[in-house]
Amino acid sequence: MAYTFQVTIDSADPHALADWWADALGWEVEPSDEAFIRGMIAAGHATEEDTTTHNGVLVWQTGQAIRHPKGLERAPRVLFQLVPEPKTVKNRVHLDVRTGPDDDPKRVVERLLAKGATFLHEGRQGPSAWTTIADPQGNEICITH
């Protein structure tokens, strides 16, 4: 049997990081269902402490997901989940972001650096080249063509 999956990234601020990644990838932040959240609180299944407000919208405090604009059939969902500890070492898993044929990877890197990413290094193996950066919370990303 084949399984589906989502990619989950630990985060100190999942909503801000989801916004950053949605912008970086050209994806969409999943909308919050405020009526559902309020219903869960009213039914006693959640508390106000389980929520926060982000960009004026009531959201679950512990996570935020993004998805490809063409839906889950196009690419897996990415979930950013709240964790108490900071990132301390290199990621064992990271995303390789492949730019389109009309995109210049260097311009993509420059745009992401201007939005808070950090340059780490450039790499090359045979005809393949990439730039490794870190998102605003230190998670590595490789940008390639």
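Residues numbered from 1 in each chain as written. Predicted model: local features only at pLDDT ≥ 70, side-chain atom pairs only at ≥ 80, totals over all residues. Heavy atoms only, no water.

Thoughts on the environment of Val93
Then comes step 1: On the secondary structure map, Val93 appears in the loop between strand E6 (78-82) and strand E7 (95-98).
Then comes step 2: Here the alpha-carbon distance between Val93 and Ile141, two residues 48 residues apart in the chain, equals 9.5 Å. (Helix = DSSP H or I, 4+ residues; strand = E, 2+ residues; numbered from the N terminus.)

Some thoughts on the sheet that holds strand E10 (residues 140-144)
By definition, the strands of a sheet pair up through backbone hydrogen bonds, in either a parallel or an antiparallel sense.
Then comes step 1: One open sheet holds the four strands; their spatial order is E7-E10-E9-E8, and the pairing between them is mixed. Looking at which strands have only one partner, the edges of the open sheet turn out to be E7 and strand E8 (118-125). The mean angle between the axes of side-by-side strands here comes to 25 degrees, regardless of whether they run parallel or antiparallel.
Then comes step 2: Across four bridges, the pairing between E7 and E10 is parallel. What sits directly across from Arg98, in E10, is Thr144. (Pairing = 2+ DSSP bridges. Axes fitted to C-alpha atoms, helices over the stretch in contact; angles between N-to-C directions.)

Quick word on the packing of aromatic side chains
Then comes step 1: A full pass over the atoms with the stated rule returns two aromatic pairs.
Then comes step 2: Geometrically, the ring pair formed by Trp20 and Trp21 is edge-to-face, given 5.7 Å between the ring centres and 75 degrees between the ring planes.
Then comes step 3: For Trp20, a relative accessible area of 8% puts it in the buried group.
Then comes step 4: For Trp21, a relative accessible area of 1% puts it in the buried group.
Then comes step 5: Relative to Phe80, the ring of Trp21 has its centre 6.3 Å away and its plane inclined at 35 degrees; by these criteria the two rings are tilted. Here the residue Trp21 occupies a position in helix H1 (residues 14-25), and Phe80 occupies one in strand E6, the gap between them amounting to 59 residues.
Then comes step 6: We classify Phe80 as buried; its relative accessible area is 0%.
Then comes step 7: Three or more aromatic residues joined by ring pairs make a cluster, and in this case those are Trp20, Trp21 and Phe80. (Phe/Tyr/Trp six-rings, centres within 6.5 Å; stacked < 30°, edge-to-face > 60°. Buried < 20%, exposed > 50% of the residue type's maximum accessible area, 1.4 Å probe, protein only.)

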